[in-house]
Structure formats: C-alpha cells, structure tokens
Number of protein chains: 2
Amino acid sequence: MFSRGFSRISRAGFNNYQWRQSCPALYTAVYHQLLWNSHPLEDLIPKGRGCMEINSCSSHLFHEARRQIHHNAASTIEDQSDPFSIVADELLILADRLRVMVVAEVPKLGSAAEYFFKLGVEGKRFRPTVLLLMATALNMPVPISSPERLSTARVSDSLATELRTRQQCIAEITEMIHVASLLHDDVLDDADTRRGVSSLNSVMGNKLSVLAGDFLLSRACVALASLKNTEVVSLLAKVVEHLVTGETMQMTTTSEQRLNMEYYMQKTYFKTASLISNSCKAIALLAGQTAEVATLAFEYGKNLGLAYQLIDDVLDYTGTSTSLGKGSLSDIRHGIVTAPLLFAIEEFPQLRQVVQRGFDNSADVDIALEYLGRSQGIQRAKALAQTHANLAAEAIDSLPENNNDEVQRSRRALIDLTQIVITRTK
Amino acid sequence: MFSRGFSRISRAGFNNYQWRQSCPALYTAVYHQLLWNSHPLEDLIPKGRGCMEINSCSSHLFHEARRQIHHNAASTIEDQSDPFSIVADELLILADRLRVMVVAEVPKLGSAAEYFFKLGVEGKRFRPTVLLLMATALNMPVPISSPERLSTARVSDSLATELRTRQQCIAEITEMIHVASLLHDDVLDDADTRRGVSSLNSVMGNKLSVLAGDFLLSRACVALASLKNTEVVSLLAKVVEHLVTGETMQMTTTSEQRLNMEYYMQKTYFKTASLISNSCKAIALLAGQTAEVATLAFEYGKNLGLAYQLIDDVLDYTGTSTSLGKGSLSDIRHGIVTAPLLFAIEEFPQLRQVVQRGFDNSADVDIALEYLGRSQGIQRAKALAQTHANLAAEAIDSLPENNNDEVQRSRRALIDLTQIVITRTK
C-alpha cells in the first residue's frame, strides 16, 4: 500500500547516501540517530525475538505500553486529534522488534532490509497504525472493577494480551510484506538502467534488493505460520499473489487495458488495497469476530487503500500545490495512465490516441496535460477518492455498538484517517 | 537444490531463443512440442486446478496413474532399474498441473514461470521424483483382498488417495520454491551486466524474473496454506529463509569465510539441501509418521542434497571427462571456492593467498588449477560425497521394516538415487 509515494521519498534519501561504498555498521548507526533517536524502551526489548517467538515478557511490555498510551492519549487534546499518536509508542516497540528481527545471520542483508523499517513510511507507519487501531476498534476490553471478579479478570486480561500480541504480529507481517514488495518493485530491467532511471536498487544492487525482499517474505511466512491459523495464512498468502499480479498488470498492460477504468481499479486493488484490506480482516479473524465484522474490517481497508491511491495519482500531477504539472509527473512519463487522465479521456475522446502512443515523446505529455487541465479529471479523481473514503468510514460506523472509551476512540481515529488520506498534500 | 547445474543448462537453452522479442504464445507452443510432446493424459487434467484445489477427480486420476505405473514397473526389467520411471507418469500429471497453475491472470508472467516447468531440471524432475518415492517408501498401502473387508478397504483407499494428493502437493510446492529461487538467483547486479555476464534474466529482464519468482512463491504459500498443517507450513517457510541465507552467504562471504570448510558446508546445506530435506520430512509428517521416521526422511534428503552439490562442485572442474579444467570453471571464475579447492588448500597452504586475491586475474585460476591437480582435492570431495550418499542410504535402511512390494521398490529406488547422484557425469 502507498508504495509509490514512499518509493519517491526513500529513493531521494537513499541516493544522497552512498551507503554501499561505506561501512554498513556506520550507516546503520547514523540512521538510527537521525531517524529514530534512542528511546528508553529500546533497552527493554528482548533481543533476537520477533513475533515468531511470542513470549510473555514482550507481551507484557506491549500491554504496559498500551496502557501508558491510553493514559497519555486521554490526558491531552492534541493526542486525541491525531490517530497516529494513539498507537505511537506501541509502534516504536513494534518497529524495534522488526529491526531486531531483520538482523539476520548475514548482517549485510539485515542492513538492507533494516533501512526501510528505520525510515518508516512517509515518517508515519501507516499500515501498522491502521491495524493496531483496528485491533482496538474490534476488541472489548474486560473491565477490572469488582474484587470478586479479579481472578476471572486476570485470565481474561491474559487472553486479551495474547490476542493483542498476535494482532501486533499481523501488523509486523504486513509491514514486512509491504517492504518486500517495495524492494522487488524497485528492481530494474537492464533497459531501465541504460535509460538512466535512478532508483534505490541502482545504489543497492538488484541482487541485494531481491534477496532482502525474499528474506522479508520468508520471515513473514515463518511469522504467519507461527500464528497457527490457516485462514489467516491463506488470506495473507493471497495478498502476496495480488501484489505480484498488480505489478505485472501494470508492467504488461495492453494499450486497450491502459484506457480501461475497470482494469485500473482492479490493478489498484491488487497493488495497493489488497494488503491493508486483508490484514484488517486478519485482525478481525484473530479476534474471533463474526464474518460480518470481518467483512466490515476488510471493506474499511479496501476503501481506505483505494482512496489513498487515487489521491496519490492526483498528487503525481499536482504535487503539494493544486496546480497541474507541479507534481513529479512520474506516472505519465512512465506511460502509466491513472484515474485523472482516464476521466479526462471520457470528456475528450481525442486524447485516446495521444495516450495510445505511450509517452516516450515529451510533447505528448504536454498535450495530455493541456487536455487534463481543461477537463474535470483531477476533480473527478478526487471525488472518487472521497467516495471510497466515505465507504471506509461507513464500514466503521456499521460495526456493532460498543461504549468502551478505548474502542470508541480507535473507531474515531480510523474514521479520521479516511479524511487525512484524502486531504493530504504529500 | 541442484540449482547451479540446472542454471547452466537453462541459460544455454534460453539464450538460443530470443523469446522476449517473439510471440510468447508461439514460444510456449514450440517448447511444449520440443520438450514435452503432447501426451494423452493432458486432456484429462481439470484445467485451472493446482494442488490448492484438491479434488476427487484429479486425486482419482493420480491414483489410477500410480496403479498403472506400478503395473508397468513390475512388468519390465528396465523400469525396475530406473528410479525415475517408477513415478514417471505421475510426474507428467504433476508437471501438467504446475503448467496449468502458472497460467495466471497475466499470461506474460505465466509464460515466464512456465518455461522452467516445461524444461524440468536436467531433463529429470529430481526433487518431485525423490518426494513421490519417499511418499511410497513411507506408506503402507491397504491390500484389497477379501470381499468382507471391501467397505473398510474402500474407506482406507480413499484416505490413502487423499494422503497421496497432499504429498503430491508437497512435491509441487517444492518445485515451485526451487524454480522461484532459480529465477531470483539469476537476477544480476548492474555491475554484472556491465561485465557482460550472460544469464537467463539478461534476456528475460530482471524485473520479470523477480515477479515470476514472487508469483511462484506466492502460489507455493497459497498451496501450503491449503494443506492446513501448521508444522508443514513452518517447515517450508523456514526453507525459503534458508535459500535466501545461503545465497547471501555466498554473495557476501569474507576472505576468511571463503576458506572455511564449515562455512562452505553450512552454505551448501542452506542453498541446496534444506529444501529437499525439509520436503522429505513434510512428506513423513503428512503421513502421520513418528518423529523418528520424519528425522530419517530429513536425513535422507539432507545427505542426498549435500552429496549432489559436492559432485556438482567437482563437475565444475572436470566436466563430463575426468580431466581437470574440462568443466565450465564457473565457480572459480566467479570467486566461489568449493570443496575440491578447500581440500587442496589443506595440502598446499600457499594456495591460500592465491584464493584470497579472488580470481579476477585468470593467471590465478591457472595457478589454482595446477595446485588442485597436484592435490587430492577432487578425490577427497568425491569421497565426501560418497560418505553423504552412504548416510542417505543408511537412513532408508533404518526405516521400519515393511514387506509391501511397492514400499520396498521405492526404498530401493531411493537408495539407487544416492548412487546415481554421485556417479553422474553431468
């Protein structure tokens, strides 16, 4: 999900630092300071343990962190307005677990994969945030109130902690699959290299990108297997297939398919929305929720993912401003036709033949931009994103009623995220 | 397993056919004729069904094929002497199921992955052969003799058929993981491309190689999940991690590690023997065998894999002849130090500094070959292969006694394979 936006950021950052020629350990240390800063929780994390080895120690840590976050969130107005802050500390621990996990037997590979987990996605960890919020939104914490219920409450509390740990595992697996797909998407053909297209892996090396991605995928599989839930395994295995199918659809599209809105939306689902939607569903399944609730979780993820990608496509044209042509124009220059242009073609059919020529000629890019500017393409793409954002919010509103404060706050945060996604400017 | 030997063959074959510039469908059709020829069973296979969708129709087909093979094998001396022929027809169906499965939603990707399944590994399908033989070697078929036991026998027969289908699924998954690792191993760094190293993916494109590999891995995951056996899922997820670790160990080896026999054997286990050993174990686990039997199955696979790779390393120096320098010398030219040279260094310590220089200078290759010729390196590598082959055979001999003809024949075939592996000349 959200891969292209992130790719752009990471490429720029990565190209500034010729890490391959430098000492990987130094590089690791520098980035750790730059991007994360040391935090007191770091030393508390059991080293070498990811979600493959669920243990009471780390579960307890997470649980404590969550209580602390709950307390902090309730005490400040600022925190309440930011969905990310609700799970911020829990995410820090999660990121640290990921970081520890990727330090494999071969440090060079660990460094490669680790880079992504340190950087995070656009400074936020969007997917894990959504998933942890969803976990709380679907949970009904057991209140510890009367003394006679204490022992029962303790058992329930222990079960709730175990469930949370398993749901955190889904968040980790999702991030691993996402980063693996980024690494593999960035592998270039020789032809691209010759054309001088810069990318992460032109610095890192194709082969290392592939191996680091494979490494993450294999770790994700091992972690998935440890959950011992065959339905969840199937769900996330299917996601990997979708990511591949989506990327291939984009690579091998015919000129007819390139102009087809349905094909575009299908590709967008595979490439962007499948991972978050199926992970949301996995969160619900682990919690033992009904099929209806699992479907609502899925619908939230799907529509949030689609909304995000539609806005991403708009921003590729407009950038941070609202003016056309201020974006990177990366899609159109790579011959990738997205929603704004597809809507423009509906208004100006003569644009079809320009698009069908591909965009090897930069004059064609200018022509397309001119048509797009005269059309409602950008506005209609935004409107479609709004529609999907609304559908995502509706899915949350349709969840079974629950008056628990924590549950309600997480649901509000999930709804807030739908707006953050469509109003973002980067 | 056995990846380098196969890589060489596939590269040569692939480079002769500039398929990327041609019509993929035509390419597919041509290769189908050249390599497989149409066979009557083909039309009987339910289209679009892999082992993800286990169904009674395909199970019945397999079962019938197996009975037929049993009949054929018993009636000819020639068949009895060839381990491959025992499961030949079953393998044809398996290959066809794989072929059908890889025809994904995006045909171009299907063609890429399909290529490997058509070619097979060295004309044989080594891994699936071992696994199907192991399945029979560990099974106790229910004899259908007296009429009063017919209904019970039918139930048992149905269970046996279901088990066989699940074990065939392991064979398919193993082949998918193997081919995925071949595709990914062949991805090159830009540097390699610049040095003019030819490879499969220099024709096919790095990106398509990566995607085709990912596609197979994702299908393998989906198929694995469908088995609903979390222990087996964990086992094969771990294999993917081993393949990555082994490849990375080879890529990022230090000059000290390069000269270390233990490091070499560990890398060889990860790269070559882990897949077949853990798949053999999975076959035993699915059959509900004891931990002891599962371990023997694992030991067979591990030692067979190690023996195979050691001989592969020898053949890289000798080729089909017994003379040194007649092989492709691919390893040494890529700076990869294998068993023969490691043994030679033990006899001639002065060889260390030659090896530590890497082999960028071809004069160093000649010096190393001279030392190797004067040493017992080749003979000791062969002897080590023989040791592992013997250990593999011993694992089979240690299985619980069983007098069933089919079981005995499969066990003999597995033992024969250990000799075939070490006496092969290509």
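Rules used in this analysis
- Residues numbered from 1 in each chain as written.
- Chains lettered and ligands numbered in written order.
- Predicted model: local features only at pLDDT ≥ 70, side-chain atom pairs only at ≥ 80, totals over all residues.
- Heavy atoms only, no water.
- Helix = DSSP H or I, 4+ residues; strand = E, 2+ residues; numbered from the N terminus.
- Contact = heavy atoms within 4.5 Å.
- Areas by Shrake-Rupley, 256 points an atom, 1.4 Å probe, with all protein chains shown as cover.
- Axes fitted to C-alpha atoms, helices over the stretch in contact; angles between N-to-C directions.
- Parallel < 35°, antiparallel > 145°, perpendicular 65-115°, else oblique.
- Left-handed = near helix turned anticlockwise from the far one by under 90°.
- Nonpolar A, V, L, I, M, F, W, Y, C, P; charged D, E, K, R; others polar.
- Buried < 20%, exposed > 50% of the residue type's maximum accessible area, 1.4 Å probe, protein only.
- Salt bridge = Lys/Arg side-chain N within 4 Å of Asp/Glu carboxyl O.
- Core = buried A, V, L, I, M, F, W, Y, C linked by side-chain atoms within 4.5 Å.
- Phe/Tyr/Trp six-rings, centres within 6.5 Å; stacked < 30°, edge-to-face > 60°.
- Lys NZ or Arg CZ within 6 Å of the ring centre and 35° of its normal.
- pLDDT = per-residue confidence, 0-100.
- Expected span 1.5 Å × (residues − 1).
- Disulfide = S-S within 2.5 Å.

**Quick notes on the overall build of chain A**
Scanning chain A from terminus to terminus reveals 22 helices and zero strands. Restricting the contact set of chain A to residue pairs at least 6 apart, pairs at least 24 apart contribute 77%. In the structure as shown, chain A presents an accessible area of about 16,800 Å², 52% of it carried by carbon and sulfur atoms.

**With respect to the packing of helix H16 (residues 291-318) of chain B against helix H22 (residues 405-423) of chain B**
All names here are of chain B. In contact at an axis separation of 8 Å, H16 and H22 are set at 20° when each is read in the N-to-C sense. Taken together, the axes of H16 and H22 lie roughly parallel to each other. For the pair H16 and H22, the crossing hand works out as left-handed. Packed against H16, whose contacting residues are Tyr300, Leu304, Ala307, Tyr308 and Ile311, the element H22 presents Leu414, Leu417, Thr418, Val421 and Ile422 at the interface. Class assignment of the residues belonging to the contact of H16 with H22 gives a composition of nine nonpolar, one polar and no charged.

**With respect to the packing of helix H18 (residues 339-347) of chain A against helix H20 (residues 362-374) of chain A**
Residues and elements named next belong to chain A. At a minimum axis distance of 9 Å, the contact between H18 and H20 shows a crossing angle of 75°. In terms of axis orientation, H18 runs roughly perpendicular to H20. When H18 is examined against H20, the residues Pro340, Leu341, Ala344 and Glu347 are found in contact with a partner set consisting of Ala368, Leu372 and Arg374. Tallied by class, the residues present in the contact of H18 with H20 amount to five nonpolar, no polar and two charged.

**Regarding helix H18 (residues 339-347) of chain B**
Of all nine residues in H18 of chain B, seven are buried, a share of seventy percent or more. Of the residues making up H18 of chain B, those classed as buried are Ala339, Pro340, Leu341, Leu342, Phe343, Ala344 and Ile345 of chain B.

**A short note on the pattern of salt bridges**
Overall, the coordinates contain 25 salt bridges over all chains when judged by the stated rule. For Lys207 of chain B, the salt bridge is made with Glu247 of chain A, and the minimal N-O distance between the two is 3.4 Å. Taken together, the residues Lys207 of chain B in helix H12 (residues 206-226) and Glu247 of chain A in helix H13 (residues 230-251) connect one chain to another. In this pair, the class of Lys207 of chain B matches that of Glu247 of chain A, namely buried.

**Focus on the nonpolar core**
Core analysis: the biggest nonpolar cluster contains 109 residues, and Ile173, Tyr300 and Leu341 of chain B have the highest contact counts within it. In this view, Tyr300 of chain B contacts Val130, Met134, Cys280, Ala392, Ala395, Ile396, Leu414, Leu417 and Thr418 of chain B; residues no more than four positions away in its chain are not counted. Ranked by size, the runner-up nonpolar core spans 107 residues in total, among them Leu133, Cys169, Ile177 and Phe343 of chain A.

**Notes on the packing of aromatic side chains**
Counted under the stated rule, the structure contains ten aromatic pairs over all chains. An angle of 50° between the planes, with centres 5.9 Å apart, marks the rings of Tyr269 of chain A and Phe270 of chain A as tilted. Site record: aromatic cluster; members linked through ring pairs are Phe84, Phe126 and Tyr308 of chain A. The ring of Tyr308 of chain B has Arg424 of chain B sitting right over it, with the charged end atom 3.6 Å from the ring centre.

**Brief notes about the side chain of Thr136 of chain A**
All names here are of chain A. With respect to the secondary-structure elements, Thr136 resides in helix H8 (residues 126-137). Given a relative accessible area of 8%, Thr136 falls into the buried group. For Thr136, the contacting residues outside a window of four places in its chain are Arg164, Glu406, Val407 and Ser410.

**Focus: the side chain of His242 of chain B**
Mapped onto the elements of the fold, His242 of chain B is located in helix H13 (residues 230-251). Not counting residues up to four positions away in its chain, the partners in contact with His242 of chain B are Tyr269, Phe270, Ser274 and Asn278 of chain B.

**A word on unusual backbone geometry**
Residue and element names in this part refer to chain B. Positive phi outside glycine occurs at Lys228, with the angle close to 50°. Counting through the fold element by element, Lys228 comes out in the loop between H12 and H13. Exposure remark for Lys228: the relative accessible area of 56% places this residue in the exposed category. If you check the backbone angles, Leu329 has positive phi at about 55° while not being a glycine. By secondary structure assignment, the location of Leu329 is in the loop between H16 and helix H17 (330-333).

**Here's the deal with the confidence of the model for chain A**
All names here are of chain A. Put simply, chain A has an average pLDDT of 75, and 68% of its residues get 70 or more. Note on residues 141-146: pLDDT under 50 across the span, and seven contacts to partners over four residues away in sequence or across chains. With pTM at 0.78, the complex prediction returns an ipTM value of 0.75.

**Description of helix H6 (residues 88-102) of chain A**
All names here are of chain A. In this model, H6 (15 residues) spans 21 Å end to end at C-alpha, consistent with the 21 Å of a helix rising 1.5 Å per residue. Judged by how many residues are buried, H6 sits mostly within the fold: twelve of 15 residues are covered. Listed as buried for H6 are Glu90, Leu91, Ile93, Leu94, Ala95, Asp96, Arg97, Leu98, Arg99, Val100, Met101 and Val102.

**Focus: the state of the cysteines**
Scanning the entire structure with this criterion turns up zero disulfides over all chains. Of the cysteine sulfurs around Cys221 of chain B, a residue in no disulfide, the closest is that of Cys221 of chain A, at 3.4 Å. Look at Cys221 of chain B and you get buried, because its relative accessible area is 18%. Here Cys280 of chain B is not cross-linked by a disulfide; its sulfur's nearest cysteine counterpart is in Cys169 of chain B, at 16 Å.

**With respect to the environment of Ala383 of chain A**
Residue and element names in this part refer to chain A. By the element assignment, Ala383 lies in helix H21 (residues 377-397). Ala383 sits in the partly exposed class, given a relative accessible area of 42%. Separated by 115 residues in sequence, Ala383 and Thr268 have C-alpha atoms that sit 17 Å apart.

**Quick word on the environment of Val100 of chain A**
Residue and element names in this part refer to chain A. When you line up the elements, Val100 lands in helix H6. The buried category is assigned to Val100, whose relative accessible area is 11%. As a C-alpha pair, Val100 and Arg219 span 119 residues in sequence and 12 Å in three-dimensional space.

**Examining the environment of Lys207 of chain A**
Looking at Lys207 of chain A, the relative accessible area reads 9%, which means it is buried. In this structure, the C-alpha to C-alpha distance between Lys207 of chain A and Ser158 of chain A, residues 49 residues apart in sequence, is 44 Å.

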